[in-house]
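# Chain and residue survey
So the chains spell out like this:
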Amino acid sequence: QRTMSFVTFRIAVPRNSGKEDIIPVICDAEMILDYIDKSPIGRYVNVEGRFCSFLQINEDRTTSSKKYLYVRELYITDNKDEFFYPIGTNVVVIEGELNYDSVYRSTPLGRKITELPIICRRPNGRPDHLTAIAWGINALDAADLVKGDKVKITGRLQSRNYYKDGEKTVYEISVKEFETQQAESKENFVL
């Protein structure tokens, strides 16, 4: 029986706006052994995997949800010419169903937004709880989705900080396009 050890780290993915999304990553320690003696700071990373949620029980017996990109494939290089995809490539495809009704609202700046709480089931049946955010016309199209509706979403994984009892970070999928589906969903991939 093999005992697995895991390594966690974060990768910065640049946006077109000049900001960066800071994505938490977890991988089997054996995947990163070739890179362990070199500092990962400033290096280029190609990661493919599944964005997962994990329930954490805190010392005060409260629970919180931790989210990580669980690595299936990993490549680290110093040479951006060896990079498989253009720098800043951040593509997420998820299939799942709404855990609650969608929430349509306007931001303080007047932008229309719809929040989509989604459950994606792993092949073993374990659920991952993810949130997708639709903007503009996509927000209007998604506003009437209700609990149980099946969706397929393509977008990018983003991080956002907010302040409530200290600084907190939330991870969500910014929707580029979506479609409703009839088939049961099983997968959730990140590139």
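Note that the coordinates shown come from a computational prediction; the quantities given were computed from them, not determined experimentally.

## Quick look at the overall build of the protein
A tally of helices and strands in the protein yields 2 helices and 11 strands. Order of helices (α) and strands (β) in the protein, N terminus to C terminus: β-β-α-β-β-β-β-β-β-α-β-β-β. Each of the 191 residues in the protein was classed as buried or not, and the buried ones make up 36%. Restricting to contacts in the protein with at least 6 residues of sequence separation, those with at least 24 account for 60%. Approximately 11,900 Å² of the protein is accessible, and the part contributed by carbon and sulfur atoms is 49%.

## A few points about the packing of aromatic side chains
All chains considered together, the criterion is met by 3 aromatic pairs. On the basis of an interplanar angle of 65° and a centroid distance of 6.5 Å, the ring pair of F51 and Y171 is categorised as edge-to-face. Here the residue F51 occupies a position in strand β3 (residues 44–57), and Y171 occupies one in strand β10 (residues 167–181), the gap between them amounting to 120 residues. Y171 shares its class with F51; the two are buried.

## Structural notes on a positive patch on the surface
On the surface, a cluster of positive charge is made up of R10, K66, K164 and K168. Checked against the element boundaries, R10 lands in strand β1 (residues 6–14). R10 gets classed as exposed once you look at its relative accessible area, which sits at 54%.

## What to know about the confidence of the model for the protein
For the protein, per-residue confidence averages 83 on the pLDDT scale, and 86% of positions sit at 70 or higher. The low-confidence segment residues 182–186, where pLDDT is below 50, has 11 contacts with residues more than four positions distant or belonging to other chains.

## Quick word on a nonpolar patch on the surface
On the surface, a nonpolar cluster with roughly 300 Å² of combined accessible area is contributed by Y104, I137 and L140. Residue position: L140 is located in helix α2 (residues 136–142). By relative accessible area, L140 is classed as partly exposed at 46%.

## So, the nonpolar core
Core analysis: the biggest nonpolar cluster contains 30 residues, and L74, I94, L116, I118, I153 and I173 have the highest contact counts within it. A per-element tally of this core places strand β4 (residues 63–77) first, with 4 residues. For I173, the residues in contact, after removing those within four places along its chain, are V92, I94, L130, T131, A132, I133, I153, G155, R156 and L157.

## With respect to unusual backbone geometry
For R61, which is not glycine, the phi dihedral falls at a positive 70°. Positionally, R61 belongs in the loop between β3 and β4. We classify R61 as exposed; its relative accessible area is 74%. At D165, a position not held by glycine, the phi torsion is positive, near 55°. Given a relative accessible area of 77%, D165 falls into the exposed group.

## Examining the environment of I119
Among the secondary structure elements, I119 is positioned in strand β7 (residues 112–121). Residues I119 and L130, 11 residues apart in the sequence, show an inter-C-alpha distance of 6.3 Å. Apart from residues lying up to four places away in sequence, I119 is in contact with G96, E97, N99, P127, D128 and H129.

Here is what the cut-offs are and how they apply
Residues numbered from 1 in each chain as written. Predicted model: local features only at pLDDT ≥ 70, side-chain atom pairs only at ≥ 80, totals over all residues. Heavy atoms only, no water. Helix = DSSP H or I, 4+ residues; strand = E, 2+ residues; numbered from the N terminus. Buried < 20%, exposed > 50% of the residue type's maximum accessible area, 1.4 Å probe, protein only. Contact = heavy atoms within 4.5 Å. Areas by Shrake-Rupley, 256 points an atom, 1.4 Å probe, with all protein chains shown as cover. Phe/Tyr/Trp six-rings, centres within 6.5 Å; stacked < 30°, edge-to-face > 60°. Patch = residues over 30% accessible without salt bridge, like charges linked within 9 Å, V, L, I, M, F, W, Y side chains within 5 Å. Salt bridge = Lys/Arg side-chain N within 4 Å of Asp/Glu carboxyl O. Lys, Arg positive; Asp, Glu negative; His and termini not counted. Charge placed at Lys NZ, Arg CZ, Asp CG, Glu CD. pLDDT = per-residue confidence, 0-100. Core = buried A, V, L, I, M, F, W, Y, C linked by side-chain atoms within 4.5 Å.

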